Structure formats: structure tokens, C-alpha cells
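# Topology and contacts: notes
So you can see what is in the structure, the chains are spelled out below.
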Amino acid sequence: MWRLDAQDLGDADADLTAALTYKNGNAVYALTPVERAAIHAVYALYEVMLGQPAPGLRPVALDAARQFMHDAYSQVQIGGRLEDLRARILASTQACPYCGFGEVKDLDHYLPRGTYGELAIYPRNLVPSCGPCNNAKRTVYPGMPAAQGPGLVHAYYQPLPDEDFLHADADFDPDGTLSVTFRIDNPTMDPALAAKLQFQLDRLRLNARYRAQVNKYLSEQRAAILMLHAAGEAVFSEFLQRSSAALIASYGRNDWRVALLRTLAADPAFCAAPERYLGPPPA
Ligand SMILES: [Zn+2]
């Protein structure tokens with residue numbers, strides 16, 4: 001989660017023309033050469049700004065074209081003239097970069113097209129996401145009024161430290177309930193970035209949504225967990241640690257599964273009696 005490789009840009013000129021042309025070949029809106037150049041300048045500035053807002057991303061030169069660019073996003077929907085672009089972006093990841101588990105079905109406009117109509121079909125402003133993350137994010141973006149928070153990290157551009165910053169707190173209730181809460185915790189990381197990542201966890205209600213994932217995941221691992229536990233507590237803890245480290249290759253260092261297993265490996269209550277926290281065996 002958190003990171004994806006940036007999308008290929010494809011042929012921006014051809015995409016613009018397709019998006020603004022009816023099936024019969026008539027123009028929905030005929031871009032002037034000045035407007036076309038202004039859109040290319042906006043795209044180039046987006047790269048320089050790493051997707052973060054800037055006044056130049058909404059130039060006066062595009063005041064007339066902006067609404068048409070906004071509406072042209074309908075061509076990126078299923079059945080539209082740019083549906084290949086949609087399919088390509090959705091196929092670029094197995095799971096939603098915002099939560100790390102959801103099935104990608106939506107394209108999130110990182111900078112909302114309501115404000116930045118000129119970026120409505122720009123591939124690198126389109127982040128493949130699951131429905132719940134896309135709905136929870138809505139039009140949140142960096143630079144919006146401070147009361148609404150710092151915005152989310154950009155999956156294509158945000159550099160992240162190669163250090164653990166997603167931490168899982170596990171509460172073991174004597175009745176056998178395991179409740180896990182994730183938070184951002186790394187004292188040496190840039191506080192502004194940490195605040196942004198924590199805002200993302202909260203805004204997307206990830207803790208509430210991870211609860212079911214954690215239960216499902218542990219239940220899937222149930223047989224392996226019980227078998228390894230039978231080999232002794234120390235071996236079992238080592239197994240959990242190694243599993244956590246092995247998952248980094250697939251999901252990245254700050255994935256919820258990696259953080260979960262790291263915490264469980266270090267927890268004496270879990271390592272002593274994991275069967276108490278795994279729920280009933282599958283029927
Ligand atoms: Zn998601």
C-alpha cells in the first residue's frame with residue numbers, strides 16, 4: 001500500500017482529441033493551438049509539482065476549455081472512447097494503493113476534476129482505487145482549507161522513507177477477542193508526512209475496515225499458526241517474524257499484514273496461546 005509506479009503517459013495529444021470529439025467526428029470542443037499548448041504546460045507542471053496543487057495548474061488560458069475537459073472524463077468510463085486508458089490504469093495494480101486490500105474498480109482523481117478540469121483525463125492524476133476508498137476520499141486534496149486536513153499522499157509521487165512507520169497495536173481481551181489498531185509511528189520521520197499518513201488512515205476509516213481483514217487473514221493462517229505453535233513458543237515467534245519480513249517483498253514495508261505479524265511476533269500473550277485469539281475453527 002501507499003505507493004504505485006507512475007502511469008505511462010501514452011499519447012496525450014491523441015487522448016485529448018479523442019476525449020473532445022463525438023463518435024461522428026465532430027468536435028465537442030475544438031481546442032485552439034494555444035489551449036492545447038496550455039494543457040501540455042499544465043501536464044508538465046504537474047510532474048514538476050509531483051501532483052501537488054499550484055495556481056499554474058489552473059491557467060486563465062483554459063477558462064473556456066476547463067468545463068469541456070471536466071466533462072470529457074466521461075470518455076474514460078466504460079464504453080467511452082478512452083476506455084482503454086481506464087482498463088490500462090485499473091490493470092496496473094492488484095490491490096488499491098490507499099488501503100492495500102480492496103479490489104480496484106474506480107479511478108480516483110488525486111486533484112479533483114471539479115477544481116482541476118484540465119487534469120480530468122491526465123493518467124498520472126488518475127489513481128486506481130477501490131470503491132470504499134474512493135468514496136471516503138471524495139474531493140479531499142492537499143492545500144484545501146486546513147480544517148479539512150492535509151490531504152492524502154500521492155501514490156505515484158510521494159517518496160516514503162524505507163523505514164517502518166505503520167505500527168499495529170494489539171489488544172488481547174481475556175475473553176479471546178483480539179482487536180488491532182494501526183497508527184503512524186516513527187519518531188525520525190518528517191512530522192508533516194507522518195500527519196498526512198495518519199490523516200489518510202483516519203479519512204479512509206482504515207482501522208474500521210482492517211478489522212474484518214485481520215480476522216479473515218488470521219483465520220486463513222489458522223492451520224499454519226497452530227502447527228508452528230506446536231513446535232514451541234520461541235520457534236513460533238521466529239516464524240511470525242520471518243513471515244512478516246517475507247511479506248515485505250510482496251506488499252512493502254508498511255503494509256498492514258507486515259505490521260500485524262511483527263506485533264504478534266513480539267507479543268507474549270499471543271505467542272503463548274494463539275488459539276485463544278483465532279476465533280472458532282472454520283466449519
Ligand atoms: Zn482501497
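Residues numbered from 1 in each chain as written. Predicted model: local features only at pLDDT ≥ 70, side-chain atom pairs only at ≥ 80, totals over all residues.

## A short note on the overall build of the chain
Applied cut-off: Per the convention used, a helix needs a DSSP run of H or I reaching at least four residues, while a strand needs a run of E reaching at least two, with both numbered from the N terminus. To sort residues by burial, count the other C-beta atoms lying within 10 Å of each one's C-beta; a count of 20 or more means buried, 12 or fewer means exposed, and anything in between means partly exposed. C-beta atoms are built from the backbone.
A count of helices and strands for the chain gives 11 helices and four strands. Looking at the chain residue by residue over its 283 residues, the buried ones come to 34%.

## What to know about the nonpolar core
In plain terms, the rule: Buried Ala, Val, Leu, Ile, Met, Phe, Trp, Tyr and Cys residues whose C-beta atoms connect them within 7 Å together make up a nonpolar core. All domain edges in this entry derive from an automatic or database-based domain assignment. Once C-beta atoms have been placed from the backbone, residue pairs whose C-beta atoms lie within 7 Å are recorded as contacts.
Ala 72, Cys 99, Leu 119, Ile 121, Phe 182, Ala 259 and Leu 260 are the most contacted members of the largest nonpolar core, which totals 61 residues. When residues in this core are grouped by element, the largest group, six residues, is from helix 10 (residues 256-265). Taken together, domain 1 (12-148) and domain 2 (166-277) each give at least three residues to this core, which thus spans both. Leu 260 has contacts with Ala 168, Val 180 and Val 214, leaving out every residue within four places of it along the chain.

## Quick word on the domain arrangement of the chain
Interfaces are often sized by the amount of accessible area the parts lose when they come together. Here is the rule: Residues were grouped as follows: Ala, Val, Leu, Ile, Met, Phe, Trp, Tyr, Cys and Pro as nonpolar; Asp, Glu, Lys and Arg as charged; and all remaining residues, including Gly, as polar.
Per the domain assignment, the segments of the chain are domain 1 (12-148) and domain 2 (166-277). A straight line from the C-alpha centre of domain 1 to that of domain 2 covers 36 Å. Residue-level contacts link nine residues of domain 1 with nine residues of domain 2. Of the residues contributing to the side of domain 1 that touches domain 2, the split by class is seven nonpolar, one polar and one charged.

## Here we look at helix 4 (residues 83-90)
Inclusion rule: The arc in question is traced by the directions running from the helix axis to the C-beta atoms.
Along helix 4, the residues that are buried comprise Leu 85, Arg 86 and Ile 89. Around the axis of helix 4, the buried residues are gathered within 100° of arc, so they sit on the same side.

## Things to note about helix 1 (residues 12-19)
Those residues of helix 1 not exposed but buried are Asp 15, Leu 16 and Ala 19. Projected down its long axis, helix 1 shows its buried positions confined to an angular sector of 100°, all on one face. Projecting away from the buried face of helix 1 at angles above 90 degrees are the exposed residues Asp 13 and Ala 14. Against the buried residues of helix 1 lie helix 2 (33-48) and helix 4.

## Comments concerning the pairing of strand 4 (residues 178-184)
Quick reminder of the rule: For two strands to be treated as a pair, DSSP must find at least two bridges joining them.
In terms of strand pairing, strand 3 (residues 166-172) meets strand 4 through seven bridges, oriented antiparallel. The residue bridging Asp 171 from the neighbouring strand is Ser 179, located in strand 4. Once strand 3 ends, the chain turns through five residues before running back antiparallel as strand 4, passing Gly 176 with a positive phi of about 100°.

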